[in-house]
Amino acid sequence: MVAPFPQVEHQRVVLPEGLTLDCNVTIAPLAIAYRTYGRLNAARSNAVLICHALTGDQYVAETQPVTGKPGWWSNLVGPGLPVDTDRFFVICANVLGGCMGSTGPREPRTDGKGAPGDLWGTDFPTVTIRDMVRAQKKLVEQLGIERLLAVIGGSMGGMQVLEWAAEYPEAVFAAAPIACAAHHSAQNIAFHEVGRAAIHADPAWRGGRYWTDGTIPAQGLSVARMVAHITYLSEAALTRKFGRKLQGASAVTFLEDVFQVESYLRHQGSTFVRRFDANSYLTITRAMDYFDLANERGSVAAAFRGTDTRFFVASFSSDWLFPTSESRALVRALNAAAARVSFVEITTDKGHDAFLLDEPEFHRALGGFLSGAARELRV
Amino acid sequence: MPDHSPIQYVAKNMRLDLRLIAEMIPEGARVLDIGCGDGALMAHLAAEKQADARGIEIDMQAATEAVSQGLAVIHGDADNDLKHYPDGAFDYVILSRTLQAVEKPQEVLAQMLRIGRHAIVSFPNFGHWQVRWRLLTTGRMPNTDTWNTPWYRTPNIHPCTILDFFDLAAKDGYVVERWLAVDERGLKAPWRRSVRLANLFGEQALVQLRRG
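Reading the values: the criteria
Residues numbered from 1 in each chain as written. Chains lettered and ligands numbered in written order. Predicted model: local features only at pLDDT ≥ 70, side-chain atom pairs only at ≥ 80, totals over all residues. Heavy atoms only, no water. Phe/Tyr/Trp six-rings, centres within 6.5 Å; stacked < 30°, edge-to-face > 60°. Buried < 20%, exposed > 50% of the residue type's maximum accessible area, 1.4 Å probe, protein only. Core = buried A, V, L, I, M, F, W, Y, C linked by side-chain atoms within 4.5 Å. Helix = DSSP H or I, 4+ residues; strand = E, 2+ residues; numbered from the N terminus. Domains from an automatic or database assignment. Contact = heavy atoms within 4.5 Å. Salt bridge = Lys/Arg side-chain N within 4 Å of Asp/Glu carboxyl O. Buried area = accessible area lost by both parts, 1.4 Å probe. Polar contact = N/O pair within 3.5 Å; in protein donor to acceptor, adjacent residues only side chain to side chain. Arc of directions from axis to C-beta.

**Some remarks on the packing of aromatic side chains**
Residue and element names in this part refer to chain A.
Okay, step 1: Across all of its chains, the model carries 17 aromatic pairs over all chains by this definition.
Okay, step 2: Centroid distance Trp 120 to Phe 124: 5.5 Å. Interplanar angle 85 degrees. Geometry classified as edge-to-face. Comparing Trp 120 with Phe 124, the two get one shared label, buried.
Okay, step 3: Chaining the aromatic ring pairs together yields one cluster made of Trp 72, Trp 73 and Phe 355.

Spelled out as structure tokens, the structure:
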């Protein structure tokens, strides 16, 4: 039996009016857990919002309180770094549906149903990427910021960036969607479904009510993470790191041999369940699957027609989860909308994960883009 | 032939033909620079002419360099990316020393004049006397200062002469608004009143077109 990860205190705002979701359900109150770095200037013009990916959180540039590990983008966000917290006021919020303090399946339900003290669990309403962005908009307003200098994010964070730019163009001076796409592809949905099926198939999931007796579907969630983790890497990176090497042996014996890559994946799975909630995983992967920017807007170009936002699109050559072709399609749609756009494909063998890793060219390009935007706004 | 004012500003490290092009762009123009390299012309136009400058660059290293300077440059190429821009999105679309290297020059020109009110094209002149002389005397592909890569390695798959280019412009109904032939050092050639002389003595041509 694996116990759920400990509840820790998160900094958050609670908005009593709540939020009406795309599925027409209103959640009230709405809690948004967030962190900020740096100082908001007098003109309130130096705010940069960072959007995290599927299993990320608001601890972008500091020690994560549950894992004790450094912030997930601490190589990019900080004093003197490309997203310079000496210059910019950086905000990062846990997404709606997440499990680090924002309203989500792991929080007490507030719809008056169930027993007192019950968590939302699988009764948490369906959320979309746009719902996440609407919640962030409320936070940004709460912080007294009318227009963000930039919204930056990779993977699912990039999807949020695109929703921000499409939904609130006047509030986004510059947008940096990284390693993402204007919709979630069939292949991506398929991989997510394997992960969800693994969670559903774990008897410990118990129809989503595992939280009632303080256990978690560790096996299912771990398998979901293992599958997903493969999609974040590239074949070249796996070969470079592990090849066909065995764990603790030099030759195959046909007796319980374990390849290093297996051991690595198991480790990824088992550490993940100690920091992430299974029902949150189900909720957020669904939100990603529903993401299609063109939906209700006619086309991606139509979503951005007449926009004044400047865009920085970046992809990574060995990323097969969000391949360059999808970033290029996004760039072409932005061109069709006559938007101001920069686009680079970074050469790397590190796969989708490259957006989180030390990629100097990427960091230089993003930093240059952000500085350029700051110059234009005289920040 | 239209008049050419003297060069007013010489940017450091900017290729000579780019300086000549920069002279042709008015204040505040919306400009697309195809094959913008590291963005030297764009940066110059933005700083000196308050232009809204965008760029396309085929070389990733150069594109990344340009983006790192905060310029609106995308990695892409003339053959594949122009068709995605809307009609009349730019005042000037620039293609500098690239026309001879694209896959479909005629289509690229047509796209340039669809998305821009004016097109500015510079290209090396294959009709230059040295080219003609080398071919005539040696019987081999010319090797000159301008045409200096062997035929099996050259990216210049569609070389043309100034006369050829003017023929294509006429055939497709474009108006030559101004043109100029220069030598390799970017000095304006004195034979600009005669296309035939320019075609013999100009190493590079710089032409501004608009739709007819």
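Moving on, there is more to tell.
**Digging into unusual backbone geometry**
All names here are of chain A.
Okay, step 1: Each neighbour pair has its own omega, and for Ala 28 with Pro 29 the value is -5 degrees, a cis peptide bond.
Okay, step 2: Positive phi, normally seen in glycine, also occurs at Ala 338, with a value near 55 degrees.
Okay, step 3: For Ala 338, a relative accessible area of 36% gives the class partly exposed.

**Observations concerning the nonpolar core**
Okay, step 1: A:Trp164, A:Phe304, B:Met112 and B:Phe165 are the most contacted members of the largest nonpolar core, which totals 119 residues.
Okay, step 2: At 7 residues, helix 2 (residues 156-167) of chain A tops the list of elements feeding residues into this core.
Okay, step 3: Residue-level mapping places this core at the junction of two domains, with at least three residues from each of domain 1 (12-184 + 292-376) and domain 2 (188-286) of chain A.
Okay, step 4: Discounting chain neighbours no more than four positions away, the residues touching B:Phe165 are B:Leu99, B:Leu109, B:Val121, B:Phe123, B:Cys160, B:Val207 and B:Leu209.
Okay, step 5: Ranked by size, the runner-up nonpolar core spans 45 residues in total, among them A:Val83, A:Phe88, A:Ala179 and B:Val67.

**Section: the pattern of salt bridges**
Okay, step 1: Using the criterion set out here, one finds 31 salt bridges over all chains in the structure.
Okay, step 2: The residue A:Glu62 makes a salt bridge to A:Arg35 at a minimum N-O spacing of 2.6 Å. With A:Glu62 in the loop between strand 5 (47-51) and strand 6 (77-78) and A:Arg35 in strand 4 (residues 30-37), the pair connects residues that are 27 residues apart, well separated along the chain.
Okay, step 3: Looking at A:Glu62, the relative accessible area reads 23%, which means it is partly exposed.
Okay, step 4: Notably, a salt bridge pairs B:Asp52 with A:Arg340, separated by 3.9 Å at the nearest N-O pair. With B:Asp52 in strand 2 (residues 52-57) and A:Arg340 in strand 12 (residues 340-346), this pair bridges two chains.
Okay, step 5: Look at the salt bridges and you will find they share partners, linking A:Asp22, A:Arg130, A:Asp131, A:Arg134, A:Glu163, A:Glu167, A:Glu296 and A:Arg297 into a network.

**Points about the interface of chain B and chain A**
Okay, step 1: At the junction of the two partners, chain B supplies 23 residues and chain A supplies 21 residues.
Okay, step 2: Of the roughly 1800 Å² buried between chain B and chain A on both sides combined, carbon and sulfur atoms contribute 48%.
Okay, step 3: Linking chain B to chain A there are 3 salt bridges.
Okay, step 4: Summed over the shared surface of chain B and chain A, the number is 13 residue pairs in polar contact (both at pLDDT 80 or more).
Okay, step 5: Elements supplying a minimum of two residues to the side of chain B that touches chain A: strand 2, helix 3 (60-68), strand 3 (72-75) and helix 4 (78-81) of chain B.

**Things to note about helix 7 (residues 162-171) of chain B**
Residues and elements named next belong to chain B.
Okay, step 1: Within helix 7 the residues assigned to the buried category are Ile 162, Phe 165, Phe 166 and Ala 169. Around the axis of helix 7, the buried residues are gathered within 100 degrees of arc, so they sit on the same side. Across from the buried face of helix 7, at angles greater than 90 degrees, the exposed residues are Asp 167 and Lys 171.
Okay, step 2: Tucked inside the fold, the buried residues of helix 7 contact helix 5 (105-115), strand 5 (116-124), strand 6 (174-182), helix 8 (195-201) and strand 7 (204-211).
Okay, step 3: Residue Gly 173 follows helix 7 closely and has a positive phi angle near 75 degrees.

Everything listed is a geometric property; what it means functionally is a separate question.
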